[in-house]
Amino acid sequence: MQRAVQLAKRAERMGEVPVGAVLTRGDGVIGEGFNQPINKHDPTAHAEIIALRQAAEAIQNYRLMDTTLYVTLEPCTMCAGALVHARIGRVIFGAADSKAGALISQSAVFDQPFMNHRISYVGGLMADTCSGLLSQFFKARR
């Protein structure tokens, strides 16, 4: 999660909402990303999606079995759906997202019976640090 926080800070320096994500398999990182929808002119350029794309390219497979995603903010609906389709194994997130979180806050995408893949998840890892980044970012923009 510490690397994800570093990536979130990189997003912030670029004027993006500070969210970072790291995808691991075993002891190694296979993909990482940070929010870039503004700079990339791409509404799908969330930290999680960028990490998934990088990992899929790295292993030459869109199915990212037996992986763990560390992300500083609870994933949104778009990202949660992509994580299911990628068949990742586990999500560990920092801060809950009371406005758009799709795992525990506003929805429970991973728990829907129609999903064809189950992902385990837990939130709260370094939650104070992760939520602090977001709070400071939005406070500075007001």
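Above this text is the structure in question.
Residues numbered from 1 in each chain as written. Predicted model: local features only at pLDDT ≥ 70, side-chain atom pairs only at ≥ 80, totals over all residues. Heavy atoms only, no water.

### Here's the deal with the nonpolar core
- Counting 42 residues, the largest nonpolar core has Leu69, Ile88, Val91 and Phe110 as its most contacted members.
- Going through the elements one at a time, helix H1 (2–13), strand E1 (20–25), strand E2 (28–34), helix H3 (47–59), strand E3 (68–73), helix H4 (77–86), strand E4 (90–95) and helix H5 (127–141) are the ones with two or more residues in this core.
- Ranked by residue count, the leading element in this core is H3, at 6 residues.
- When neighbours within four sequence positions are excluded, Leu69 is seen to be in contact with Ala21, Val22, Leu23, Glu48, Ala51, Leu83, Ile88, Arg90, Val91 and Ile92. (Core = buried A, V, L, I, M, F, W, Y, C linked by side-chain atoms within 4.5 Å. Buried < 20%, exposed > 50% of the residue type's maximum accessible area, 1.4 Å probe, protein only. Helix = DSSP H or I, 4+ residues; strand = E, 2+ residues; numbered from the N terminus. Contact = heavy atoms within 4.5 Å.)

### Concerning the packing of H3 against H4
- Taken N-terminus to C-terminus, the directions of H3 and H4 make an angle of 20°; their axes are 9 Å apart at the nearest point. As summarised for this structure, H3 and H4 are arranged roughly parallel, according to the angle between their axes. Between H3 and H4 lies a crossing whose hand is left-handed. For the pair formed by H3 and H4, the contact residues are Glu48, Ile49 and Leu52 on the first element and Met78, Cys79, Ala82, Leu83 and Ala86 on the second. (Axes fitted to C-alpha atoms, helices over the stretch in contact; angles between N-to-C directions. Parallel < 35°, antiparallel > 145°, perpendicular 65-115°, else oblique. Left-handed = near helix turned anticlockwise from the far one by under 90°.)

### Re H5
- With 15 residues, H5 extends 21 Å between its outermost C-alpha atoms, agreeing within 8% with the 21 Å of an ideal straight helix rising 1.5 Å per residue.
- All of the buried residues in H5 are Cys130, Leu133, Leu134 and Phe137. Down the axis, H5 shows its buried residues gathered within 85° of arc, on one side only. Residues of H5 that are exposed and angled more than 90 degrees away from the buried face: Asp128, Gln136, Lys139 and Ala140.
- As for H5, its buried residues are in contact with H1, E3 and E4. (Expected span 1.5 Å × (residues − 1). Arc of directions from axis to C-beta.)

### Topic: the packing of H1 against H5
- Axis separation between H1 and H5 bottoms out at 11 Å; the angle between their running directions is 5°. For the element pair H1 / H5, the angle class is roughly parallel. Two secondary-structure elements touch here, H1 through Val5, Ala8, Lys9 and Glu12 and H5 through Thr129, Cys130, Leu133 and Phe137.
- Residue composition of the contact of H1 with H5, grouped by class: 5 nonpolar, 1 polar and 2 charged. (Nonpolar A, V, L, I, M, F, W, Y, C, P; charged D, E, K, R; others polar.)

### Section: the layout of surface pockets
- Considered as a void within the structure, the largest pocket measures approximately 560 Å³ in volume.
- Lining the largest pocket are 24 residues, and of these Val17, Leu73, Asp97, Leu134 and Phe138 lie nearest its centre.
- By residue number, the principal contributor to the lining of the largest pocket is H5, which donates 4 residues.
- The class makeup of the residues in the lining of the largest pocket is 13 nonpolar, 5 polar and 6 charged. (1 Å grid on protein atoms, 1.4 Å probe; cavity = no way out; pocket = protein on both sides within 12 Å on 5 of 7 lines; lining within 4 Å. Points joined across faces, edges and corners; volume = space filled by probe spheres on them.)

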